[in-house]
Each structure stands twice: as C-alpha cells, then as structure tokens.
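Coordinate analysis (summary)
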Amino acid sequence: MNPNESSPAPLRDVAQNAEATARYLADMQRVLLDMGANLEILQRETRVHCRSTSVEGDRWYHAKLRALPVEKALKDVLKSLNSLTDGLEKSAYKRRSHDEAVMNTGKARKEKALEKARKNNPQPIQAAPNPGEERDSAQNYGYGGPASIYDLGKRSA
C-alpha cells in the first residue's frame, strides 16, 4: 500500500483536531480513573486477606512480610495508572498549545520579516537646519529657544 494514499485510519480525524483529541483523551482518562477506583478496592481487600492469612507456627509479622510483595505490586500498578492519567491530561494541553503555536508562527514570521525590512531600509534622517537660516516662529526651538520672555524681542517674527 502506498503511504501517500488516503486510507481510512481509525483515529486520524481525532488526531487532526485538537478539540476531538481532548475529548478522546478525557474519555480514556475517565475509563482509567474508574479502573483506578476498582484497583484501589482490590488493593485494600487483598491487603486484608493476605495479612490475615497465617500458617501454623507463624509469628505475628510473618503474614505481613509475605503480603508486602503483593501490596507493592498493586501499589506500583496504581502509581503507573495515576501517572498515565496525568500524562493523558498533559498531552491534551500540549496538543492544544501545538495548534496555537502553528497559528502564531505565521504572524511571528511576518512581523520578523517587517522588522528585518525596516532594519535593512532605514528611513532617511532629516538634516539639521544651518545655523544661519531663518527659523519659523511656529517651529519648536528646543534648547536654542528663548530662555525668558525678555529674550522674545530679539527674535524676528
């Protein structure tokens, strides 16, 4: 089969849409959390059963020591399940941020190109007027302007 051909894939439409991906992952997370609740009940019941099973001649701690590997295995399964559900939630957020990054990339590239064009083609700087030229009275004098109202008479109107 040619990889370029359009073959129906079961999750292709879900993977192409961030919202559909988030819904699918939320459904998976719900199922896993239900499984986790059942596993926690199983863990408690197994602990009670294994710790209460004693053999003739056991000391008080022997049943507990025999139960520890079973309890640890179930604890590890629950820990993995919790990290899996956390990973599903994180991947839904990452999928949405990927779409936002793709949308913003075009804008960022256009802004960068405009900035580069401005940098390569700077606007010409206006030349300063010669000191001997007449100044317009409406022009902003800046530092060369009159210092007080008595200096206004020295300027030509």
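Rules used in this analysis
- Residues numbered from 1 in each chain as written.
- Predicted model: local features only at pLDDT ≥ 70, side-chain atom pairs only at ≥ 80, totals over all residues.
- Heavy atoms only, no water.
- Helix = DSSP H or I, 4+ residues; strand = E, 2+ residues; numbered from the N terminus.
- Contact = heavy atoms within 4.5 Å.
- Salt bridge = Lys/Arg side-chain N within 4 Å of Asp/Glu carboxyl O.
- Buried < 20%, exposed > 50% of the residue type's maximum accessible area, 1.4 Å probe, protein only.
- Expected span 1.5 Å × (residues − 1).
- Polar contact = N/O pair within 3.5 Å; in protein donor to acceptor, adjacent residues only side chain to side chain.
- Patch = residues over 30% accessible without salt bridge, like charges linked within 9 Å, V, L, I, M, F, W, Y side chains within 5 Å.
- Areas by Shrake-Rupley, 256 points an atom, 1.4 Å probe, with all protein chains shown as cover.

With respect to the element layout, Q43 can be found in helix α2 (residues 18-52). Separated by 34 residues in sequence, Q43 and V77 have C-alpha atoms that sit 10.0 Å apart. When near neighbours in sequence (up to four residues on either side) are disregarded, Q43 contacts E71, L74, K75 and L78.

The next thing to look at is the pattern of salt bridges. On inspection of all chains with the given rule, the structure shows seven salt bridges. The partner of R96 in a salt bridge is E19, and the shortest N-O contact between them spans 3.0 Å. One end of the pair, R96, is in helix α3 (residues 62-120); the other, E19, is in helix α2, with 77 residues separating them in the sequence. On the accessibility criterion, R96 (32% relative accessible area) is partly exposed. Residue classification places E19 among the partly exposed positions, given a relative accessible area of 40%. Between R95 and D99 there is a salt bridge, and its shortest N-O distance comes to 2.5 Å. A residue pair is termed a helical-turn pair when its members lie 3 or 4 positions apart in one helix, as R95 and D99 do in helix α3 at four residues.

Turning our attention to α2. Its 35 residues place the ends of α2 50 Å apart at the C-alpha level, agreeing with the 51 Å of an ideal helix rising 1.5 Å per residue. If you check which residues of α2 are buried, you get A18, A20, T21, A22, L25, Q29, L32, G36 and T46. In this structure, the buried residues of α2 make contact with α1 (12-16) and α3. For α2, the side-chain oxygen to backbone nitrogen distance between the N-cap and E19 is 3.0 Å, and the N-cap itself is N17.

A word on a nonpolar patch on the surface. A contiguous nonpolar surface patch, about 470 Å² in accessible area, is contributed by W60, Y61, L65 and L68. Looking at the secondary structure, you find W60 in the loop between α2 and α3.

On to the side chain of R95, then. Overall, R95 belongs to the buried group, its relative accessible area being 17%. At 2.5 Å, the side chain of R95 forms a polar contact with the side chain of D99. The residues contacting R95, other than those within four sequence positions of it, are A15, Q16, N17, A18 and T21.

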